[in-house]
Amino acid sequence: MAKFSADDKLSAVLRYVVGKETHASIAASIGATKSMIGIWVMQYEENGAESFRKAYTG
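Residues numbered from 1 in each chain as written. Predicted model: local features only at pLDDT ≥ 70, side-chain atom pairs only at ≥ 80, totals over all residues. Heavy atoms only, no water.

A. Just the overall build of the protein chain, in detail. Along its length, the protein chain carries three helices and zero strands. Of the regular secondary structure in the protein chain, the N- to C-terminal order runs α-α-α. Scored against the burial criterion, the 58 residues of the protein chain give a buried share of 26%. Taking all contacts inside the protein chain whose residues are at least 6 apart in sequence as the whole, residues at least 24 apart take part in 46%. (Helix = DSSP H or I, 4+ residues; strand = E, 2+ residues; numbered from the N terminus. Buried < 20%, exposed > 50% of the residue type's maximum accessible area, 1.4 Å probe, protein only. Contact = heavy atoms within 4.5 Å.)

B. Geometry of the environment of Ser 5. Structurally, Ser 5 is set in the segment before helix 1 (6-18). Accessibility expressed as a relative area gives 36% for Ser 5, which makes it partly exposed. Spatially, the C-alpha atoms of Ser 5 and Lys 54 are 9.9 Å apart, while their sequence positions differ by 49 residues. Engagement of the side chain of Ser 5 in a polar contact is seen with the backbone nitrogen of Asp 8, the distance being 3.0 Å. (Polar contact = N/O pair within 3.5 Å; in protein donor to acceptor, adjacent residues only side chain to side chain.)

C. Just the pattern of salt bridges, in detail. Taken as a whole, this structure holds two salt bridges when the rule is applied. One salt bridge in this structure joins Arg 53 and Asp 7, with 3.4 Å as the shortest N-O distance. Remark: Asp 7 occurs in helix 1 and Arg 53 occurs in the segment after helix 3 (34-47); sequence separation between them is 46 residues. For the salt bridge of Glu 21 with Arg 15, the shortest nitrogen-to-oxygen distance reads 2.7 Å. Taking relative accessible area as the criterion, Glu 21 reaches 26% and is therefore assigned partly exposed. (Salt bridge = Lys/Arg side-chain N within 4 Å of Asp/Glu carboxyl O.)

This is a description of form; function is not addressed.
So, in structure tokens, the structure goes:
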């Protein structure tokens, strides 16, 4: 399974939020699953774009 960057996830979510594409169509176009897109959308709705930025501790 491919790893997706924060920008990839945000882009996919925004495609869905705009309302022109379904979870399935977005997933197929980027090589993800429908459920992954759904999870990303929920994360975005709860925490905004920051939900995709990883916090690293040093």
